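For reference, the chains in residue letters:
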Amino acid sequence: SNNQLFVFDREFFQTKMISLAEFELSFFKIQILKSRTFQNVPNLKKVCLKTNEIREIEANAFIELENLQKLSLANNKLQVLFSTMFSQLKNLTYLNISSNQIENLPPNCFCELKNLKILLLKENRIKQLEKSMFSGLDNLEVLDLSKNLIEFSEKVLPPFLYLKMLDCLILDLN
């Protein structure tokens, strides 16, 4: 399709939409997610921005989304995540950032996501897993790191070994 919305910002939601619970905007060629994009939709529980061309997410893009439970940024062009990108999303239970171009995950990137149960990171370019990468994810049940470039060492315990609630770990094709 030829839908084009290169910059997604708070002008999209010009008026407060208190009752909006789910929002999907896929296949729109969004490239940049601006700061405070969702400030007028504080009760969103699900946001799906998959299959765009998102390469940049500004700081505080997800501010005001304390009620968000599901977020999909899959199939975009993200290369970098910064350590506070998801810190406002205290009630998030599902995060999909698969099929991007992420090479490194900053330490403690997910540490504020205490309620996260499913984390999908497959089909990226992740090479290393830092010790503190998954710290704070005490309720994580599913972790998919398949189809990355991760090299495992016998000398270093993988960080997912510390995830007490982990039920499903997918590591194939690394």
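Structure first, text after, so check above.
Keep in mind the model is a prediction, meaning the values are calculated, not measured.

Each value, and the rule that gives it
Residues numbered from 1 in each chain as written. Predicted model: local features only at pLDDT ≥ 70, side-chain atom pairs only at ≥ 80, totals over all residues. Heavy atoms only, no water. Helix = DSSP H or I, 4+ residues; strand = E, 2+ residues; numbered from the N terminus. Rg over C-alpha atoms; globule rule 2.2 N^0.38 Å. Pairing = 2+ DSSP bridges. Buried < 20%, exposed > 50% of the residue type's maximum accessible area, 1.4 Å probe, protein only. Lys, Arg positive; Asp, Glu negative; His and termini not counted. Salt bridge = Lys/Arg side-chain N within 4 Å of Asp/Glu carboxyl O. Contact = heavy atoms within 4.5 Å. Patch = residues over 30% accessible without salt bridge, like charges linked within 9 Å, V, L, I, M, F, W, Y side chains within 5 Å. Areas by Shrake-Rupley, 256 points an atom, 1.4 Å probe, with all protein chains shown as cover. Disulfide = S-S within 2.5 Å.

Visitor: Would you mind showing me how to read the overall build of the chain here?
Guide: Within the chain, the secondary structure is distributed over zero helices and 10 strands. Written out in order from the N terminus, the α and β elements of the chain read β-β-β-β-β-β-β-β-β-β. Computed over C-alpha atoms, the radius of gyration of the chain comes to 16 Å, within 12% of the 16 Å expected from 2.2 N^0.38 for 174 residues, which places it in the range of a compact globule. For the chain, the spread of C-alpha atoms along the principal axes amounts to about 55 × 30 × 25 Å.

Visitor: Sorry, what's going on with the sheet that holds strand E1 (residues 7-8) here?
Guide: Working definition: the strands of a sheet are paired by backbone hydrogen bonds and lie parallel or antiparallel to each other. Taken together, the three strands give an open sheet; going across it, the order is E1-E3-E5, and neighbouring strands pair in parallel fashion. The open sheet has two edge strands, E1 and strand E5 (56-57), and neither has a second partner. Across two bridges, E1 lies against strand E3 (residues 32-33) in parallel orientation. Pairing of Phe8 across the sheet is with Leu33, part of E3.

Visitor: I keep staring at the environment of Ala21 and nothing clicks. Help me out?
Guide: Note on placement: Ala21 falls in the loop between E1 and strand E2 (22-24). Overall, Ala21 belongs to the partly exposed group, its relative accessible area being 32%. C-alpha separation for the pair Ala21 and Leu119, spaced 98 residues apart in sequence, amounts to 21 Å.

Visitor: Is there a simple way to explain the side chain of Asp144 in this structure?
Guide: The residue Asp144 is located in strand E9 (residues 142-144) in this model. Buried charge without a partner: Asp144 forms no salt bridge, and the closest opposite charge is Lys122, 4.4 Å away. Beyond its immediate sequence surroundings of up to four residues, Asp144 is in contact with Leu119, Leu120, Leu121, Lys122 and Ile170.

Visitor: Hey, could you run me through a nonpolar patch on the surface in this one?
Guide: The grouping of Leu157, Leu161 and Tyr162 at the surface amounts to a nonpolar patch, some 330 Å² of accessible area in total. By the secondary structure assignment, Tyr162 is in the loop between E9 and strand E10 (168-170). A relative accessible area of 45% means that Tyr162 is categorised as partly exposed.

Visitor: Mind showing me how you'd approach the state of the cysteines here?
Guide: Applying the stated criterion to the full structure yields zero disulfides. Distance from the sulfur of Cys111, which forms no disulfide, to the nearest cysteine sulfur (Cys109) is 8.4 Å.

Visitor: Before we go on, may I ask you to explain the pattern of salt bridges in this structure?
Guide: For the structure shown, the criterion picks out five salt bridges. Between Lys90 and Glu112 there is a salt bridge, and its shortest N-O distance comes to 2.9 Å. Here the residue Lys90 occupies a position in the loop between strand E6 (70-72) and strand E7 (94-96), and Glu112 occupies one in the loop between E7 and strand E8 (118-120), the gap between them amounting to 22 residues. For Glu103, the salt bridge goes to Lys127, with nearest N and O atoms at 3.8 Å. Taken together, the residues span a long stretch of sequence, with Glu103 in the loop between E7 and E8 and Lys127 in the loop between E8 and E9 at a distance of 24 residues. For Glu103, a relative accessible area of 33% translates into the label partly exposed.

Visitor: Got a minute to help me understand the environment of Pro158 in this structure?
Guide: By the secondary structure assignment, Pro158 is in the loop between E9 and E10. Look at Pro158 and you get buried, because its relative accessible area is 18%. Pro158 sits 27 residues away from Lys131 along the chain, and the two C-alpha atoms are 7.1 Å apart.

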